[in-house]
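So you can see what is in the structure, the chains are spelled out below.
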Amino acid sequence: MKTLLLLLLTLTLNSYKSTSKDTKIKEGHWRTELFLNKKDTLPFSFYYYSSSKKIVIINASERIELKDIEINGDIISVKFPIFNSKLIGRFTSKKIIEGFWHNDSKGTDYKIPFKSVFSDYNRFFTEQTNADAFTGKWEATFNYSDKNHSEKAIGLFEEILGTIHGTFLTETGDYRFLGGISYGNKLKLSCFDGSHAFLFKAELKEDTLWGSFFSGKHYNSKWYAVRNSSFELRDPEKLTYVVNDSLLQFSFKDLNSIDYNYPNKTLKNKVVLLQILGTWCPNCMDETNFLTSIYSKYREEIEIIAVGFETGKTEKAKLAALRRYKNHMGIDYPILLGGEASKTCAVKLFPMLNNVISFPTLLIIDKKGDIRKIHTGFCGPSTGKYYTDFVENTTRFIEQLIAE
């Protein structure tokens, strides 16, 4: 059935030409599936509000507003505000949309079929019946069959209003807002935010969760997890560090293609927060939300500088992505273009560091210009106490540097 659907979508939607008069999208809840392969689908849902003409994607407790919606006849196009991706589909009836999710940041040919149905069905259809078997903290291992590339993670799951909310926290960031269900000894979680399309499936056998993970159509891996309330990852403030006496200095173009040099006189007697990021990175977006709040409170005493590493093929495209990011996130501090979306590229431009293993990476620099702390990755709001502890500790540290 799914194979037939994929064929029909390919035949009918490749040109995206309208075949009828303008179609109105019904207000209400739409259950959507991304067809990752012949047997695995990733469900998510959105709600369309006719009064404000917006779509709101629902991932557990996260809400993503999409207002860039165009309808031409029976063709609908929905663009994401930051990420270089969009949903393009056709109304095959008043209650069904079929089309493709295009993620141009992974290449112009990267697309995944989807089907949206006007419906109040549960995300995974099945009602949850066994939440107690999965709630809590888990020590997870991804790619466990490959010792050279295996990765440790913390799984955090809880029951909220009859559903399972959770995430996986790794040393380079978290998987953000996962939502799903549990039934019997099985667990299913998913999220879709326009940049990432994550699907997790697992089965509890005795005391161990055995699962599979899909990221879009391009990646999948196996994982297992056991309950371990005391398990922690390595300290994110010890993964990246200064390895030589090279001065921190750089010259990158700002959004007007004018060179911004660091250090400079405007930073005298200021604490500086240097954010290494990519606009394609949802964890970077979470960190940016934190930084903008800090800047609004201490903008006279601190400066924040963001350096972006982008996926666009040209400098013009990269700068355009940074401008979209700045405008959508409401950023008042400088954003500069570093280079390609590559950790290798990033570490070459900051040779005083041992490595750059994650976007984002945050350098906290005192008034004398000394790097006092480096934080790798970001544990966002979906990680609960990990996030609140980071906010409290980092804010306190910045206040200490201001007082020095």
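Residue numbering note: each chain is counted from 1, following its sequence as written. Local features in this predicted model are restricted to residues of pLDDT 70 or higher, and side-chain atom pairs are both shown and tallied only at a pLDDT of 80 or more, whereas totals for entire chains, interfaces and linings draw on every residue. Think of the side-chain values as coming from all heavy atoms in the structure, minus any hydrogens and water.

Chemist: Whenever I open this one, the overall build of the protein chain confuses me. Can you help?
Modeler: Under the DSSP-based scheme used, a helix requires at least four consecutive residues in state H or I and a strand at least two consecutive residues in state E, with every element numbered from the N terminus. What the protein chain contains, in helices and strands, is five helices and 25 strands. The reference for a compact globule is 2.2 Å times residues^0.38; the radius of gyration itself is calculated from the C-alpha atoms. Computed over C-alpha atoms, the radius of gyration of the protein chain comes to 22 Å, within 12% of the 22 Å expected from 2.2 N^0.38 for 404 residues, which places it in the range of a compact globule. Reported as C-alpha extents along the three principal axes, the dimensions of the protein chain are approximately 65 × 55 × 40 Å. Categorising residues by exposure relies on relative accessible area from a 1.4 Å probe, with only protein chains included: less than 20% of the type maximum marks a residue as buried, more than 50% marks it as exposed, and the intermediate range marks it as partly exposed. Put simply, the protein chain has 404 residues, and 53% of those count as buried. Any two residues whose heavy atoms approach within 4.5 Å at even a single point are treated as in contact. When contacts within the protein chain are restricted to residue pairs at least 6 apart in sequence, those whose partners lie at least 24 apart make up 58%. Charged residues are defined here as Lys and Arg on the positive side and Asp and Glu on the negative side; His and the ends of the chain fall outside this count. Think of each charge as sitting on NZ of Lys, CZ of Arg, CG of Asp or CD of Glu. Taking the 54 positively charged and 47 negatively charged side chains of the protein chain as two groups, their mean positions are separated by 6 Å.

Chemist: Just to check I follow, could you spell out the packing of helix H2 (residues 282–298) against helix H5 (residues 385–403) for this structure?
Modeler: Any two packed helices are characterised by the angle at which their axes cross and by the distance between the axes. Angles run from 0 to 180 degrees between N-to-C directions of axes, and those axes are lines fitted to C-alpha atoms, restricted for helices to the stretch in contact. One way to put it is that H2 packs onto H5 with a least axis distance of 12 Å and a crossing angle of 35 degrees. The element H2 and its partner H5 pack so that their crossing is right-handed. On the side of H2, the interface is formed by Phe290, Ile294, Lys297 and Tyr298, while H5 contributes Phe390, Val391, Thr394, Thr395, Ile398, Glu399 and Ile402. Ten residues, namely Ala, Val, Leu, Ile, Met, Phe, Trp, Tyr, Cys and Pro, are considered nonpolar, four, namely Asp, Glu, Lys and Arg, are considered charged, and the remaining ones, Gly among them, are considered polar. Its residues placed into classes, the contact of H2 with H5 shows seven nonpolar, two polar and two charged. With the far helix as reference, a near helix turned anticlockwise by less than a right angle produces a left-handed crossing, and one turned clockwise produces a right-handed crossing.

Chemist: What should I look at first to understand the sheet that holds strand E25 (residues 371–376) in this one?
Modeler: Note: strands within a sheet are paired through backbone hydrogen bonds, in either parallel or antiparallel orientation. We call two strands paired when DSSP finds no fewer than two bridges between them. The strand order across the open sheet formed by seven strands is E20-E19-E23-E22-E21-E24-E25, and the pairing between neighbours is mixed. Looking along the sheet, the strands with just one partner apiece sit at the ends: strand E20 (259–262) and E25. The mean angle between the axes of side-by-side strands here comes to 30 degrees, regardless of whether they run parallel or antiparallel. Relative to E20, strand E19 (residues 250–254) runs antiparallel, the two being bridged by four bridges. Its bridge partner being in E20, phenylalanine 250 is matched across the sheet by tyrosine 262. Of the strands in this sheet, E19, strand E21 (271–277), strand E22 (302–310) and strand E23 (335–340) are in contact with helix H3 (residues 315–329), which crosses E23 at around 140 degrees.

Chemist: Looking at this model, I keep getting lost on the pattern of salt bridges. Mind explaining?
Modeler: Oppositely charged side chains are able to pair whenever their charged atoms sit close together. By convention in these notes, a salt bridge is any Lys or Arg side-chain nitrogen within 4 Å of a carboxyl oxygen on Asp or Glu. For the structure on display, the rule yields 20 salt bridges. A salt bridge links glutamate 139 to lysine 152; its shortest N-O distance comes to 2.7 Å. Here lysine 152 lies in strand E11 (residues 151–160) and glutamate 139 lies in strand E10 (residues 136–142), a separation of 13 residues in the sequence. Given the relative accessible area of 16%, glutamate 139 is considered buried. In this structure, glutamate 203 and lysine 186 form a salt bridge, with 3.6 Å as the shortest nitrogen-oxygen distance. One end of the pair, glutamate 203, is in strand E16 (residues 197–205); the other, lysine 186, is in strand E15 (residues 186–192), with 17 residues separating them in the sequence. Among the residues examined, lysine 186 registers a relative accessible area of 30% and is labelled partly exposed. Members of the salt-bridge network, linked through shared partners, are Glu62, Arg176, Asp193 and Asp286.

Chemist: What is the right way to read the nonpolar core from this model?
Modeler: The tendency in soluble globular proteins is for nonpolar side chains to be buried as a group. To define a nonpolar core, start from buried Ala, Val, Leu, Ile, Met, Phe, Trp, Tyr and Cys residues and group those joined through side-chain atoms within 4.5 Å. Among the nonpolar cores identified, the biggest contains 63 residues, and Phe250, Ile305 and Phe350 are the most heavily contacted of them. Sorting elements by how many residues they give to this core places H2 first, with seven residues. Filtering out sequence-adjacent residues up to four positions away, phenylalanine 350 remains in contact with Leu248, Phe250, Phe252, Leu274, Ile276, Val307 and Phe309. Listed in part, the 28 residues of the second largest apolar core include Trp30, Ile97, Tyr110 and Phe114.

Chemist: What's the story with the pairing of E11 in this structure? I'm lost.
Modeler: On any regular strand, side chains alternate: one points to one face of the sheet, the next to the other face. Sheet topology places E10 next to E11; seven bridges connect them, and they run antiparallel. Bridge pairing in E11 places glycine 136 opposite phenylalanine 157. Pairing between E11 and strand E12 (residues 163–170): seven bridges, direction antiparallel. Pairing of glycine 155 across the sheet is with phenylalanine 168, part of E12.

Chemist: Is there a simple way to explain the sheet that holds strand E8 (residues 96–103) in this structure?
Modeler: Taken together, nine strands build an open sheet; the order of strands is E4-E3-E2-E1-E9-E8-E7-E6-E5 and the sheet is antiparallel. Every other strand in the sheet has two partners, leaving strand E4 (62–66) and strand E5 (68–72) as the edge strands with one partner each. When the angles between neighbouring strand axes are averaged without regard to direction, this sheet yields 25 degrees. Direction of pairing for strand E6 (residues 75–79) relative to strand E7 (residues 85–93): antiparallel, over a ladder of five bridges. The partner of lysine 79 across the bridge, within E7, is lysine 86.

Chemist: It is not clear to me how the packing of aromatic side chains should be interpreted in this structure. Could you clarify?
Modeler: Any aromatic ring pair is given by two values, namely how distant the centres are and how the planes are angled relative to each other. For this analysis, a ring pair means two rings from Phe, Tyr or Trp (six-membered ring only for Trp) whose centres lie within 6.5 Å, classed as stacked if their planes differ by under 30 degrees, edge-to-face if by over 60, and tilted for the remaining angles. Overall, the coordinates contain 37 aromatic pairs when judged by the stated rule. Judged by centre distance (6.1 Å) and plane angle (5 degrees), the ring pair of tryptophan 30 and phenylalanine 46 falls under stacked. Of the two residues, tryptophan 30 is situated in strand E1 (residues 28–35) and phenylalanine 46 in strand E2 (residues 41–49); the sequence distance between them amounts to 16 residues. By relative accessible area, phenylalanine 46 is classed as buried at 5%. A cation sits over an aromatic face here: lysine 54 above tyrosine 49, 5.6 Å from the ring centre. Only when the NZ atom of a Lys or the CZ atom of an Arg is both within 6 Å of the ring centre and within 35 degrees of the ring normal do we say a charge sits over the ring.

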